[in-house]
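# Analysis of the macromolecular model
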Amino acid sequence: KIVMKQIHFIVLVLLSISAYTRPDPGAKKLLTKSESIYKNYKSIEIEYQIETKAAEDKAVIEKGLFQSSGIAFKLIGSQQEIYNDGKTQWTYLKKQKEIQITDYSSNNKNNIHPMQFLSMYKSGEYDYKFDNDLTEKGVTYQQVEFKPTDRNQDIFKIKIAFHKKQSTIYKVFLYFKNGDRSTIHFKTSRPNISIPENAFTLDPTKIPNTHVEDLRD
């Protein structure tokens, strides 16, 4: 639950910052290329890991599966599952044994599609530039650093690490002013897989002993 709240907050910040940017042409070229790659995918399945580290606490790790086709998506985590068919969203809170049904929103706080991060470069709301390469387990990744020009934001820096050959995202690092850090690791990605339409819907009757809360207008 803590990790999912962090996802909500992260995406909210990405959607809400507003100011003027001075882009790095080289970084923009990489971001444009990566964005084009993801845009051309008809669908994608990602195994992800989110590590949230509060300033004075141990890291909390959440692993899960994300699938997307068009505007529809599904996110399966250990504590909750989210199904969104582009019209309706079902959120299954496992511990609470509750299913919440809401209307679709284009500014969904649970969608961790890589495009959520790649769209930052053209929002006009960040300064961005190439950062030092990241090396992990002998592999080197190219990094782009973003800083919101609105210095009042809780997130003061975001780094995106890219696979050098594929130009796809490896990890996203988020740095908070209070010392907290979040890392989203896209562990494996499978583009253009066949995903049935009903994969993005949830039938509450198939999950017994759950309370259904319909919050649609």
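All values reported here derive from a predicted model rather than from experimental measurement. (Residues numbered from 1 in each chain as written. Predicted model: local features only at pLDDT ≥ 70, side-chain atom pairs only at ≥ 80, totals over all residues. Heavy atoms only, no water.)

### A word on the pattern of salt bridges
This is how the line gets drawn: What makes a salt bridge here is a side-chain nitrogen of Lys or Arg within 4 Å of a carboxyl oxygen of Asp or Glu, nothing more. In DSSP terms, a helix is any run of H or I states spanning at least four residues, a strand is any run of E spanning at least two, and both are numbered starting from the N terminus. For the exposure calls, accessible area comes from a 1.4 Å probe over protein chains only, and a residue counts as buried if that area is under 20% of its type's maximum, exposed if over 50%, partly exposed in between.
All told, the structure shown has 9 salt bridges when counted by the stated rule. Of the charged contacts in the structure, one is a salt bridge between Lys-159 and Asp-131, with a shortest N-O distance of 2.8 Å. In this pair, Lys-159 sits in strand S9 (residues 155-163) while Asp-131 sits in strand S7 (residues 126-136), placing the two residues 28 residues apart along the sequence. Neither residue differs from the other here; Lys-159 and Asp-131 are each classed as buried. In this structure, Lys-171 and Glu-136 form a salt bridge, with 3.1 Å as the shortest nitrogen-oxygen distance. Residue Lys-171 is found in strand S10 (residues 169-176), and its partner Glu-136 is found in strand S7; the two are separated by 35 residues along the sequence. Each of Glu-35, Lys-39 and Lys-122 takes part in salt bridges that share partners, so that together they form one network.

### With respect to the sheet that holds strand S4 (residues 80-84)
In plain terms, the rule: Here, any two strands with at least 2 DSSP bridges between them count as paired. Convention adopted: a line fitted to C-alpha atoms gives each axis, helices being fitted over their contacting stretch, and angles between N-to-C directions are expressed from 0 to 180 degrees.
With respect to topology, 12 strands assemble into an open sheet ordered S7-S8-S9-S10-S11-S1-S2-S3-S4-S5-S6-S12, the strand pairing being mixed. If you trace the sheet from one side to the other, it starts and ends with S7 and strand S12 (211-214), each paired once. Looking at each pair of strands side by side, their axes are set apart by 20 degrees on average, direction ignored. Strand direction decides the pairing type here: strand S2 (residues 60-69) and strand S3 (residues 72-77), joined by 6 bridges, are antiparallel. If you follow Phe-66 over to S3, its bridge partner there is Leu-75.

### Quick notes on helix H2 (residues 25-39)
Put simply, the rule is: Helix span is expected to be 1.5 Å times the residue number reduced by one. As used here, the arc is the angular range of directions from the helix axis to the C-beta atoms.
End to end, H2 covers 21 Å across 15 residues, agreeing with the expected 21 Å (1.5 Å per residue, within 8%). Every buried residue belonging to H2 is among Ala-27, Leu-30, Leu-31, Ser-34, Glu-35 and Tyr-38, and all of these are buried. Buried residues along H2 cover an arc of 135 degrees about the axis, so they all sit on one side. Facing away from the buried side of H2, by more than 90 degrees, are the exposed residues Pro-25, Lys-29 and Lys-39.

### As for the pairing of strand S11 (residues 181-191)
Pairing of strand S1 (residues 43-53) with S11 involves 10 bridges; the strand directions are antiparallel. From the neighbouring strand, Ile-44 faces S11, where its bridge partner is Pro-191. Bridge count between S10 and S11: 5 bridges; the pairing is antiparallel. In the strand pairing of S11, Leu-174 is matched with Ser-182. The turn linking S10 back onto S11 is made up of 4 residues, and Gly-179 within it adopts a positive phi angle of 100 degrees.

### Things to note about the confidence of the model for the chain
Our working definition: Per-residue confidence from the predictor is reported as pLDDT, which spans 0 to 100. Note on contacts: a residue pair is in contact if any heavy atoms of the two residues lie within 4.5 Å.
Looking at the chain as a whole, the pLDDT averages 88, with 88% of positions reaching at least 70. Across residues 16-21 the pLDDT falls below 50, and counting only partners more than four positions away or on other chains, this stretch makes 20 contacts in the model.

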